[in-house]
Every structure is written in structure tokens, then in C-alpha cells.
Amino acid sequence: MPVENLSSDGVEFLWAGESWLALPQRALYRFQHRTVYITDPHFGKDESFRVSGVGLPTGTLSADLQRLSTILETTAADRLVILGDFFHDREGASDRTLADLDFWLRQHHGLDVILVRGNHDARAGDPPPELGIRCVDDPLLIHGLCCAHHPVEQPLVPTLAGHVHPAVRLGNAPFQQKFPCFHFRGKSGLLPAFGSFTGTATITLEPGDQVLILHKNTVRKIF
Amino acid sequence: MNRLLELWFTQQGWSLFDFQQDAINAYGNGESGLVHAPTGMGKTYAAWLGALNKWLEENPDRERWPKEPVPPRVLWITPLRALANDTLLSLQQPVEALGIPWTLEKRTGDISSTKKKALLDRPPTTLVTTPESLSLMLTHEDWEETWGTLEAIIVDEWHELLGNKRGVMTELCLARFRAAIPNLRVWGVSATLGRIEEALQVLVGPKNSGRLVRGEYPKKIDVVTLRPDTMEHFPWAGHLGVRLLPQILTYLEQATTTLFFTNTRAMAEIWFQAILNAKPEWEHEIALHHGSLDRDLRTMYEEGLKQGLLRCVVCTSSLDLGVDFSPVEQVIQVGSPKGVARLLQRAGRSGHQPGKVSRIICVPTHAFELIEFAAVRDAVAQFRIEAREPIPKPLDLLVQHLITLSMGGGFESEPTLQEVRSTWSFASLTDLEWQWVLDFITYGGKSLRAYAQYARVRKEGRRYVISNPKAAQFHRMNIGTISSYQSVVVKYTSGGELGTVEEGFIGRLKPGDKFVFGGKVLQLVRFQAMTAYVKRSTGKPGAVPRWAGGRMPLSSELSRAVREKIHSISQGKLNDEESLAVAPILQIQQNWSVVPAPNVLLVEQLKSRDGYHTFLYPFAGRLVHEGLGPLLAWRIAREEARTFSIAQNDYGIELLSPTPLELDVESLRRHLSPHQLLEDLLLTLANTELPKYQFREIARIAGLVFEGYPGNRKTGKQLQISSNLLYDVFSQFEPDNLLLEQARREVLDRQMEILRMQSILESIQTMEITITQPPKFTPFCFPILVDRLRHQLSTESWDDRIERLVEQLETHAGRSGKHAC
């Protein structure tokens, strides 16, 4: 699919001197290097609850993977970089979870998948080698871009990070709403958490920040 | 009555009332029942003496009384653990005086684990406990052995439990005990309520018979209202009657002990400061008592009250219940009590002795409260008292209860279903709902079917039993979390706890900010780990904490009485001081608009620089108006896209619009139709956070959310999750989950009083609708303006809305030079 048509779904913007595409499916696309960035999928989080006997519905994982497929198909990316917290915890990385991931990765044969390890990965462990995901320590420097899990204050090179699960609050109480967002300040960029079963943390904005918010199936640049 | 008991009773200087004798007889005959009487009429002893009397009749020969304590005989359930101590003391009096070989103990959530174990090993003859602890008893496998000798369960202050989930929890536990122990008596003790027969049936089970024992009436209640000397300066709304402080001080000087009730904790703090400023020499004679203060402090003040050491205690509903404060001479009520029952309850705190007069001095905080005071007096005279609405089948509690049963030796489906259906609350439980709950605890509903090894409850043959000790421990910790707010402990930096405030309040303060709490001016030093560290300060505080749930809506009984009162005043019937005082204000209302008769719905429309105001006065109470306002706005906006600000009070609703709103009687009647009420309300709710908020409580009770699980990483932080997220996940992947439906239903029933709304809308259909265009804000609408709670409801598309929000933000940023969200 030609890239121009993508803009109707995603929003194109400039940051760190190149153009990027923010996708409503909670991913960032780097045109120059045909790479998709996501962060904090926390795969298996709901599974972890079920394993503890809490009756959560299944469906989050397959919905999330379906969403990731959509991203990869619309962008035709060659590479997927995950900025940490692949699994939520060890219990959630059950056989069921692994089987679903394995099945999904087979459908995306040839895709280069890189995981920058985050704090959850340290406890949950890397995805098993059979999945073919390259795991590297935080941070990873690639094509002039620093890919990190933990955000870096005033980085020297443009840095994309996860971990925060950023969101902004808009509107007045009691109809105030919280929107997950992409957030860029100077050379530092934050991505919204990819996992649909994850919470958010409200961030405070400053003048000059670039903010793209997510709501339902849209992304919108508000600053 | 047994002559020993009679001897003791008369020695106290009391004489036995007929109703007490009735209760004692009924108990002796093996009946169950409910004793209801005003506060301070000796209803506690009516139930207790029944139990003692029966034992004394069976054991007439003192010489042959057993040397060993009598095995468990009575469970005494009290709604508040703070009351357990005092209850225990007063139950002990006759037992000790007569040397009856009964042991009495209490068990509440705050006792040590060694003590808990001792209670299980050597259960007392009478145990004073709370509904939560009652439920916990059923989690022990040998509970039937321990408690099999019980003769009666007595539920104190039943009116406090009826109408909330703790009451339902009590119902379920009672059903279990009744099924296990044949001939078990169940007695309740209650303040006066409307529909008291229903209260009895909920207690004893709808299919069982019970005796209703009515206490002596009427205890004389003297309702006095304070009025400012001149009416023309009387504030119309809001501003506390601090103007009336000199008069109040005179009353405080005259009486030895006064209980000073306010409706909210924030008000209590404000009034305490005002009195202290006026009379600094009373520093050691006045105290502040509310539910967020540290328990030790509260206990200290309660003791001070009992011993007559305190001149005045400023308090909230925290002192509504129980405890006999005999020395209390008078009661002051600031602001409308909002209900007839509450006024009776509070008035009853004074002259808390059979035969004495209860006196309540009412202080209005705005003019219309004078009407409410007069109306409440009328309602008391006509004995029109509110009922408590029992809650129909909350499935979250059933989930919790069944896990409890699975621990206490397990249960089988069929007999347990019958047992559960024998309660009032679950009488209409369907087979499908029952199966759903069973599935939920064994398979986690649909989703855990493939996870049997992890389920909390598993099926062994025909029995459902708890699956592992971890799940059991988990559950024990989870019982008793029916209502808990996110609260922050307030602590001196030098050590010493003061109490709790809501997180949201502290979150808005910066270190160095001053606020009033517990009657003291405090300065925030730092806030960490859910603790606010403070130090004493002086000077003017910036803020008074607010706590959720402080605002009571006007009850339907009282609102009817208010409408009647307003009408009779406007008809010139000025037969009390309050009516005389308020008549000039109603005259202004009449001149500028109309004073509506009870069968008229008044609508006022006017324009101000804020926009176009439409006021409606259904007089249905704040909760109903909170639902009705958005509903009306939504229905209007459905026909013609527009935005409203909505505000309301107990009397009416305001819709504020930037553009003129043209309404005629016919369209208004259509918008206020009860037709499709449920569907439209659900659509209105879709724009709000309310169901998610309600889901929080449900998720906690049903064990979906865990709070605090010490020393275990896995079940601690890793498993914490916001119930909002849970709500979203269920809505998306399991929309037919019955707990979601329960959340929506609870919002409709409890947050919006849908039944009351339905009946209001039905009656509006036959009412005359009068629309006026007053020249200025009228006495009716002014309080709504002042006491404004703004809501935004918009039918514009999301894009436009964000555009507008962004615009607001830009404007704001332009002013402050900084973006802020």
C-alpha cells in the first residue's frame, strides 16, 4: 500500500529532522528505515491473572496481535523494534501465550524483531529463542536513533522510550478524560503502551511539546 | 420475667415497658422478631433480656448453675466495630450483677490473631461481632461444631445494615446459620423506619414468620429552630449560618452537654473552628468527632461525653449510632437533616433515657432549610418516616459468599440454592444466574474453563470446595472490603496519627500548604507512601478537606412534606415561626415567578451573561436530579445538537445553554416521559464514568481486584490493576458478564434512584406545567446557582469536542504562559 494513503489512518509529523508516522494502533513508523516501533506490550498480563484464578476474559492477546498485524501490513515494514516489557511476568508467559505468539510470528516470517529489554523482562525472562526475537540490553543505538526502555533526560541523540505509558488529561471534571499519547520533547520521545490491558500515567506538558493522542481508533495531533 | 432479672432491672431505676415484656415473651416462645423503638427507649435490653430470661427460666436453681461457662448461645451482630466495646459493656451489666455463668467476648477485624484463635478454641456464651466477622466464621471448616449450640443471633441497629451490601451479607450468613441450626431465633433491633414489616421480613427471611415488637411512642421531641433577627439580610444559599453563632453560643452556655451535628465532615471542621475562635477558653471542653479521625481520639471523646466532661462535641453521622450518652442534654443540628428518620435519630441522642424529652435545636444554613425544619416537624407528628430499600440480588456478594461456603466445609448446589433463595435479597435469583455464579467461581465465567487447575473453587463430586490454601487466605483478606476508600493517613512528622483524608484532597496540596483537620491547623510537610506528614501550624488555613459521600439527598418523605409546606405558606397558612420567617421570600418568588402548588411543575427560563438558563423544580432530591438533568439534556440534544451545563440541588435542576432553548409544555412533557427511561438513561450513562466507578466496588467484592497482600510479590503489585481497565476488558471481550450488568444496575438504582425517578416522571405526566420568564434569578433558582455542580454533556462529534478542548487549553496556556492539562 502506498505510503501517502496511510496518512488517513495515521498522522505524519516531523521530529528530530525526519518524518514519522504515528499510527492509531499505538505504533510509530519510521519512513526512512521501514521500521515499526512499539513498546510495553505486556503480553500475557491477563493470562497471569487467570493463572491466579481471576476470571478475566481471554481475547486480549489475539486482539493485540491482530492489531500488530494490521500495523505491519499497512506499513509493509521490515523491522519491528519493541522498547521493552515484552512479557508482563513469568506466570503470564504460559504455554498458551507462547503458542499464540509462535503462531503469529510464523505468519510474519522474515520480519526482523528486536526487543530492547525492560524492567519486566528482567523478571519475566527473554522470550524463548525459538520465537526468533533478538533481545538486547537497554539502550540500543540503531541508524542514529537511540531505542530505550527507560526514558533518558536530555539525550544527546534522538531517543525513543517506553516504560512510562504516557497519557494526558483533557476536559473538565467530571467529564474529564484521559487519553494515551505519543509525547515528544526535544530529542526525547515517548510511545504509548501497546498492550491493551495496561494502565497509563498522566504526564504534565510543557510549551513546545509535541503530543498525539489516541482515542478509539483514531490518532490526533493536539500540540 | 424471671424475678432475679426483674430485681436487677428495677434496681437500675427502670420499669419494664410492655414492649420489652412482649419481646421477652416472644423470645421465650421460640419466635424470631424485630424490636423497633426510638433511640434511648431500651430496645437493646428488650432483645438481650429475652435471651437471659430464657436461660434463667431453664436454670431456676442458682445452686445448680454450672461452674463452667455456658457454651455459645447468642451471637450479637453490631454494624460498627466502634460500637462493639460499648455494646459488650452494656450486655455485661446484668450478667455480672447476677453472676450468671455466661462469658461475653467481642470479635472484630482489629483483634490480634492469638485472640482470634482463643475465641475459636473456647468460644464464649455470647460473642459481639460485625457482619464481616460473621462471614469469616463461616470460612472455618468446623464452624458448625463451634457454634452449633447457638440459640439466637441478634442483629443490632438493623436499620443501618438494611439497604446496603453489608445487610445482604448478613442475610446470606443468617440463611446459612438457620439452615444449620434448627430452631435458631433471629432477632433484630432497629430504629424507627417506614415499611417496618419489610425490614422484619428481610431479617427473618421472607418465608419465615416473625414478631414485630413496637416500642413506646411517641417519645416527646422538641424541635426548635434558630432564626436571624432580620430576614432581609438572610443569605439565600450556601453560607453557613455562622451569623447565628452568637445564638448558638448562648445555647451551648446554658446546657451542660451538647451534641452538635453537622451533615459533612468539612462542615464539622469549619464549625469547630468557629466555636473555638469565639470561645478560646473552651479549648478543653469542646471536641471534634468524625469518621475520618483516628479511632483513639474518637474513643477518648466518647468517654469524655459519657463522663460529662465535655461541654460540646461537634460531630457528623459518626455519632448517629448506638452508644448511650446519657448526660447529653441537648442536640444541635446544623443544616437540614434531609430525612425524618435522621432527625429522629439525632434528636434521640439527647434525653437518652426512657421518659425524658429529646430536644433538637435546628440551625438553618439557608432560608429554605427553615421550611425543611418545619416540614420535618410536621412529618414527625404524622409519623411519616422513610423506609430503607433493601438491595435486590447483588451477584458480587453471592460470589463472595459462595467462596466463603466453599471454605467452611464446602457446599452442594441444590440445597445451597434453596438456602440462598430463602433470603429476601436473592428470592428471585434465577437458575441461570445461579449457574453463572457457580461457573464464575469455578471457571471464572467463560474465560477460565481451560484453567481449571487455577480456579479458586473446584468441584469434588457434588461438593464445591476451595481449591488451595492460597485462595483461601486471599479470600479471608478480601472479606470486609465492601467499602473502603483510597485514604491517606495523616500523621505528625514527630509521630502520632490524626486520622485519614481522601487521596484526592492531599494530592491537590503542595508541601507548605495549610489545611484544617481534626480541629487543628496543619501544614503539609510531605506526602509519601499514602501518608501525609504534617506539623502543627497557626494562621489562616487554605483548605478544608472534603470527603466523599457527605451529601445526603432530601428523602422522598421530606420532599413531599416540603412541597406541602411551601404550598400552605403561599396559601397564607402561617401557623409556625418558620412559615412566618419564610413567607416574605416566597412572596418574592410569587411576584417574580410562581410558587407552585404540589401538582404543578414549575419551569423558569431567563437569560444572564452566562447564557440561557432553564430551571425545573421536581423537588425529587439531589440524586434523582443528578440523573434527571443529564437525561433531559440528552433527550433535548438528541433532537437538536447542543451543549448544556447542568446543575442541581434537592429542589430543582438547571440547564444552562449558550443559545436560547425554546421549550413548550408539550415538548417538555415529552422529554420528561417515563417511556424508555431505562434505555435512555443507559445511553446517557455511556458518556460518563459512573458505571466504571461502581464497578470498582463490585470487582473488589467479587475478588477480581486485590488490595494489599503483604509479603507476596506475585499477588501484590504485579496483580494490581485498575478496575477501569477491567471494566474495559470485560466490556470488549465478555460483554454479557453479569457483574457488568450489576454495575450498570447499581448506578441506576443507587446513584440515580431510578424507581423514584420513574415515579416522579410518571407523576409529571399528569401535572400541570407552568413556564415563567422571571426578570431576575428567583429565590428558587438562586440556591442552585450558588451551589453549582457543573456537568458537561455534549452530542457534538468527538473531533469537534477535542477541537474545543484544545481551544480551551490554548486560551488557558495563553493566560498562564504554560500548557497545563
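Residues numbered from 1 in each chain as written. Chains lettered and ligands numbered in written order. Predicted model: local features only at pLDDT ≥ 70, side-chain atom pairs only at ≥ 80, totals over all residues. Heavy atoms only, no water.

A. Structural detail: the overall build of chain A. Along its length, chain A carries 5 helices and 16 strands. In terms of C-alpha radius of gyration, chain A reaches 17 Å, essentially the compact-globule figure of 17 Å for 223 residues. Out of the 223 residues belonging to chain A, those deemed buried represent 60%. Restricting the contact set of chain A to residue pairs at least 6 apart, pairs at least 24 apart contribute 64%. Surface accessibility of chain A: about 8,900 Å² in total, with carbon and sulfur atoms responsible for 50%. Each charge class in chain A was averaged separately, 20 positive and 25 negative side chains, and the resulting centres sit 5 Å apart. (Helix = DSSP H or I, 4+ residues; strand = E, 2+ residues; numbered from the N terminus. Rg over C-alpha atoms; globule rule 2.2 N^0.38 Å. Buried < 20%, exposed > 50% of the residue type's maximum accessible area, 1.4 Å probe, protein only. Contact = heavy atoms within 4.5 Å. Areas by Shrake-Rupley, 256 points an atom, 1.4 Å probe, with all protein chains shown as cover. Lys, Arg positive; Asp, Glu negative; His and termini not counted. Charge placed at Lys NZ, Arg CZ, Asp CG, Glu CD.)

B. How the structure looks around the overall build of chain B. Per the secondary structure count, chain B includes 31 helices and 27 strands. Across the 821 residues of chain B, 57% fall into the buried class. Of the contacts made within chain B by residues no fewer than 6 positions apart, 75% connect residues no fewer than 24 positions apart. As presented, chain B carries roughly 33,600 Å² of accessible surface, and 50% of it is formed by carbon and sulfur atoms.

C. Layout of the sheet that holds strand β16 (residues 463-466) of chain B. All names here are of chain B. The sheet built from 3 strands is open, its strands ordered β14-β16-β15 with antiparallel pairing. The outermost strands of the open sheet, each flanked by one partner alone, are β14 (411-412) and β15 (457-460). Two elements, β15 and β16, share 4 bridges in a ladder whose sense is antiparallel. Along β16, the bridge assignment pairs R458 with V465. Against the sheet, helix α18 (residues 431-443) contacts β14, β15 and β16, and its axis sits at roughly 105 degrees relative to β15. (Pairing = 2+ DSSP bridges. Axes fitted to C-alpha atoms, helices over the stretch in contact; angles between N-to-C directions.)

D. Highlighting the confidence of the model for chain B. Residue and element names in this part refer to chain B. On average, residues of chain B score 81 in pLDDT, and 83% of them reach the 70 mark or higher. Within chain B, no element has a lower average pLDDT than strand β27 (residues 791-794), which sits at 38, and none a higher one than strand β5 (residues 152-155), at 97. Predicted confidence is poor over residues 789-799, with pLDDT under 50, and the contacts of this stretch with residues over four places away or in other chains come to 45 contacts. Every residue in residues 812-821 scores below 50 in pLDDT, and together they form 16 contacts with partners more than four places removed in sequence or on other chains. The ipTM for the predicted assembly is 0.73, set against a pTM of 0.74. (pLDDT = per-residue confidence, 0-100.)

E. Structural view of the pairing of strand β5 (residues 79-82) of chain A. Residue and element names in this part refer to chain A. What you see with β5 is no split at all: R79 and V81 on one side and L80 and I82 on the other are buried throughout. The pairing of strand β4 (residues 35-38) with β5 spans 4 bridges and is classified as parallel. Following the sheet pairing, I38 is matched in β5 by I82. Across 4 bridges, β5 lies against strand β6 (residues 112-116) in parallel orientation. Its bridge partner being in β6, R79 is matched across the sheet by D112. For the segment spanning β5, helix α4 (residues 95-107) and β6, crossover handedness is right-handed. (Right-handed = clockwise from strand over helix to strand, strands pointing away.)

F. Representation of unusual backbone geometry in the model. The amide bond that connects D138(A) to the next residue, P139(A), takes the cis arrangement and shows omega of 0 degrees. Position of P139(A) among the secondary structure elements: in the loop between β7 (134-136) and β8 (140-142). A positive phi angle is found at N183(B), which is not glycine, with a value near 65 degrees. By the secondary structure assignment, N183(B) is in the loop between α9 (165-180) and β6 (185-190). We classify N183(B) as exposed; its relative accessible area is 70%.

G. Expanded view of helix α25 (residues 677-685) of chain B. Burial in α25(B) covers these residues: L677(B), D680(B), L681(B), T684(B) and L685(B). One side of α25(B) holds all its buried residues, which, seen down the axis, span an arc of 140 degrees. (Arc of directions from axis to C-beta.)

H. Layout of the packing of helix α14 (residues 340-347) of chain B against helix α15 (residues 367-381) of chain B. Residue and element names in this part refer to chain B. Two elements in contact, α14 and α15, have axes whose closest approach is 10 Å; the angle formed by their N-to-C orientations is 85 degrees. Classed by the angle they form, the pair α14 and α15 counts as roughly perpendicular. Contact with α14, carried on its side by V340, L343 and L344, involves V376, A379 and V380 of α15 and no other residues of that element. When grouped by side-chain class, the residues that make up the contact of α14 with α15 number 6 nonpolar, no polar and no charged. (Parallel < 35°, antiparallel > 145°, perpendicular 65-115°, else oblique. Nonpolar A, V, L, I, M, F, W, Y, C, P; charged D, E, K, R; others polar.)

I. Layout of the nonpolar core. Core analysis: the largest hydrophobic core is formed by 52 residues, its most contacted members being L259(B), V313(B), V562(B), I566(B), L586(B), Y617(B) and F780(B). Residue contributions to this core peak at 8 residues, all from α15(B). Contacts of Y617(B), omitting those with residues within four sequence positions, involve R563(B), L601(B), L602(B), E604(B), Y651(B), G652(B), T778(B), F780(B), C781(B) and I784(B). If you look at the next biggest cluster of nonpolar residues, it comprises 49 residues, including F197(A), L398(B), L739(B) and L740(B). (Core = buried A, V, L, I, M, F, W, Y, C linked by side-chain atoms within 4.5 Å.)

J. Spatial organisation of the pattern of salt bridges. Residue and element names in this part refer to chain A. Under the counting rule described, the total for this entry stands at 41 salt bridges over all chains. One salt bridge in this structure joins D112 and R134, with 2.9 Å as the shortest N-O distance. With D112 in strand β6 and R134 in strand β7, this residue pair connects regions lying 22 residues apart in the sequence. The class for D112 is partly exposed, based on a relative accessible area of 21%. With a relative accessible area of 43%, R134 lands in the partly exposed category. Note that D126 is salt-bridged to R117, the shortest N-O span being 2.8 Å. (Salt bridge = Lys/Arg side-chain N within 4 Å of Asp/Glu carboxyl O.)

K. Quick peek at the sheet that holds β7(A). Residues and elements named next belong to chain A. On the basis of which strands lie adjacent, the open sheet formed by 7 strands has the order β1-β2-β3-β4-β5-β6-β7 and mixed pairing. The open sheet has two edge strands with one neighbour each: β1 (11-15) and β7. Shown here is a sheet whose adjacent strand axes are inclined to one another by a mean of 25 degrees, direction ignored. Where β1 and strand β2 (residues 18-23) come together, 5 bridges link them in antiparallel fashion. Looking at β2, one finds that F13 is bridged to W20. The strands that helix α3 (residues 60-75) touches are β2, β3 (27-30), β4 and β5; relative to β4, the one it contacts most, it runs at about 155 degrees.

L. Molecular detail of the environment of A374(B). Counting through the fold element by element, A374(B) comes out in helix α15. Residues A374(B) and A51(B) lie 323 residues apart in sequence; the distance between their C-alpha atoms is 42 Å.

M. Molecular detail of the side chain of E654(B). Within the secondary structure, E654(B) is located in strand β25 (residues 653-657). Within polar-contact distance, the side chain of E654(B) engages the side chain of H613(B) at 2.6 Å. (Polar contact = N/O pair within 3.5 Å; in protein donor to acceptor, adjacent residues only side chain to side chain.)

N. View of the packing of aromatic side chains. Applying the stated criterion across every chain yields a total of 28 aromatic pairs over all chains. Plain terms: the ring middles of W8(B) and Y45(B) are 5.5 Å apart, the flat faces sit at 70 degrees to each other, and that makes the pair edge-to-face. Taken together, the residues W8(B) in helix α1 (residues 3-11) and Y45(B) in helix α3 (residues 43-58) connect sequence positions 37 residues apart. The class of W8(B) is buried, set by a relative accessible area of 3%. For Y45(B), a relative accessible area of 10% puts it in the buried group. Here the aromatic residues F13(A), W15(A), W20(A), Y37(A) and F184(A) are joined through ring pairs into a cluster of three or more. Directly above the aromatic system of F197(A) lies the positively charged group of K45(A), at a separation of 5.6 Å from the ring centroid. (Phe/Tyr/Trp six-rings, centres within 6.5 Å; stacked < 30°, edge-to-face > 60°. Lys NZ or Arg CZ within 6 Å of the ring centre and 35° of its normal.)

O. Summary view of the pairing of strand β10 (residues 286-289) of chain B. Residues and elements named next belong to chain B. Side chains of β10 alternate between two faces, with I286 and L288 and A287 and H289 buried alike. Note: β10 against strand β11 (residues 312-315), 4 bridges, orientation parallel. Each bridged residue has a counterpart across the sheet, and for L288 the counterpart in β11 is V314. In this fold, β10 hands off to helix α13 (residues 295-306), which returns the chain to β11; that crossover is right-handed.

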